[in-house]
Amino acid sequence: MKAAVVVFPGSNCDSDCWHVLNDAMKTKVQYVWHKELNLPDIDLVVLPGGFSYGDYLRTGAVARFSPIMNSVREHAKAGKPVIGICNGFQILLETGLLPGAMLRNRTLRFVCKFIHLRTENSKTVFTNRLSSGEVLRIPIAHGEGNYFCDEKTLEELEAEKRIVFRYSSEAGKLGDEFNPNGALSHIAGIMNKEGNVLGMMPHPERSSEAILSSDDGRKIWESILNSFK
Amino acid sequence: MFKAKVDVTLKKSVLDPQGQTVLQALHSLGFKHVEGLRVGKHFELMLHSSNRAKAESDIKVMCDRLLINPIIEEYSFQLEEVK
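The structure reproduced in this document is the subject of the present report.

Rules used throughout
- Residues numbered from 1 in each chain as written.
- Chains lettered and ligands numbered in written order.
- Predicted model: local features only at pLDDT ≥ 70, side-chain atom pairs only at ≥ 80, totals over all residues.
- Heavy atoms only, no water.
- Contact = heavy atoms within 4.5 Å.
- Buried area = accessible area lost by both parts, 1.4 Å probe.
- Salt bridge = Lys/Arg side-chain N within 4 Å of Asp/Glu carboxyl O.
- Polar contact = N/O pair within 3.5 Å; in protein donor to acceptor, adjacent residues only side chain to side chain.
- Helix = DSSP H or I, 4+ residues; strand = E, 2+ residues; numbered from the N terminus.
- Core = buried A, V, L, I, M, F, W, Y, C linked by side-chain atoms within 4.5 Å.
- Buried < 20%, exposed > 50% of the residue type's maximum accessible area, 1.4 Å probe, protein only.
- Lys, Arg positive; Asp, Glu negative; His and termini not counted.

## Considering the interface of chain A and chain B
One frequently used descriptor of interface size is the decrease in accessible area upon assembly of the parts.
Move 1: Contact with chain A, which involves 15 residues of that partner, is made by 17 residues of chain B.
Move 2: For the pair chain A and chain B, the summed buried area comes to about 1,200 Å², and 66% of that belongs to carbon and sulfur atoms.
Move 3: Scanning the region where chain A abuts chain B turns up 1 salt bridge.
Move 4: One salt bridge connects B:Glu73 with A:Arg58, and the closest N-O pair in it is separated by 3.9 Å.
Move 5: Linking chain A with chain B are 6 residue pairs in polar contact (both at pLDDT 80 or more), by the criterion used here.

In structure tokens form, the structure reads like this:
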């Protein structure tokens, strides 16, 4: 499997993603500058975290006009996997590849800490090495992760098992006290109808090696690699 | 030349944590009679449009496509002709 990490002005998790794919997962990976018109011959697109375009206007709102995004849209429409992490998730929402929008965190604070998330759907390209209900310990770092969508969209996400991760307790219990940002229905990650585009607020690339105190994120990369075997 | 002033707020159905926090701060200043507060955004645009109708329709398109996110926000605008 070959991967591309798209770099926007203001991305700051791009080298973490590259490092994990290259050094921890031993995958072929390259950076792609946002001004490129075409993606190279790759299988996976990673939209990394950060503050693309300084979060001007709304998070992710300006990145969707980057030249590379047309090619990313085509990649997604062709059914190939795209993972957007944190700001990458926000970009996927603004691009319309995923439904909904992000609001400021309920507390109005930037939250940077380890949280727990429960795997809601383990039959996806991104979670096939996880079991249903498996709890991961992965850090978040965002000011706008308060996921919102209308009722109809939420019903669809539920019915089609497109809520992939929810914030939970260590034991997998759901509750407001385990929801770090106020996200609707404790949503931490969702995918598109076709199941090839995932957006998630937590950072698996910051928790894919034991030295970082959790390597739970590794299972997400392993799942993606596994889906290409 | 037209000058447009666009005001954006979160939809009524969307919780506005920033507005609530500012409201609480006003209450603690003693303004207990303030009952509601929404925080929003304001844009001012200068447009070289041939006429008012064109300027209005352009602003609507600009709002829907970029300036606001219709999932969570709504807007209103005022348009005035300037020399």
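## A word on unusual backbone geometry
Residues and elements named next belong to chain A.
Move 1: Phi at cysteine 86 is positive, roughly 60°, even though this residue is not glycine.
Move 2: Note that cysteine 86 resides in the loop between strand S4 (82-85) and helix H3 (87-95).
Move 3: Not every positive phi belongs to a glycine, and leucine 108 is a case in point at roughly 65°.
Move 4: Residue placement: leucine 108 occurs in the loop between strand S5 (101-103) and strand S6 (111-119).

## Comments concerning the environment of A:Ser168
Residue and element names in this part refer to chain A.
Move 1: Along the chain, serine 168 turns up in strand S9 (residues 163-168).
Move 2: Spatially, the C-alpha atoms of serine 168 and leucine 117 are 5.2 Å apart, while their sequence positions differ by 51 residues.
Move 3: With residues near it in sequence (within four places) discarded, serine 168 still touches His116, Leu117, Arg118, Val135, Lys173, Leu174 and Phe178.

## Examining the nonpolar core
Move 1: Counting residues in each nonpolar core, the largest one holds 62 residues, and the members touching the most others are A:Val46, A:Leu47, A:Ile83, A:Tyr147, A:Phe165, A:Ile220 and A:Trp221.
Move 2: With sequence-adjacent residues up to four places away left out, A:Ile220 is seen in contact with A:Ile83, A:Phe126, A:Leu130, A:Leu136, A:Ile138, A:Phe165, A:Met200 and A:Pro204.
Move 3: B:Val8, B:Phe43, B:Cys63 and B:Leu67 belong to the second-largest nonpolar core, a separate cluster that totals 13 residues.

## Section: the side chain of A:Glu205
Residue and element names in this part refer to chain A.
Move 1: Among the structural elements, glutamate 205 can be located in the loop between strand S11 (197-200) and helix H5 (218-226).
Move 2: In this structure, glutamate 205 is buried with no salt-bridge partner, the nearest side chain bearing the opposite charge being arginine 206 at 4.3 Å.
Move 3: Within polar-contact distance, the side chain of glutamate 205 engages the side chain of histidine 203 at 2.7 Å.
Move 4: Excluding residues that lie within four positions of it along the chain, glutamate 205 makes contacts with Cys13, Asp16, Cys17, Val20, Ile85 and Trp221.

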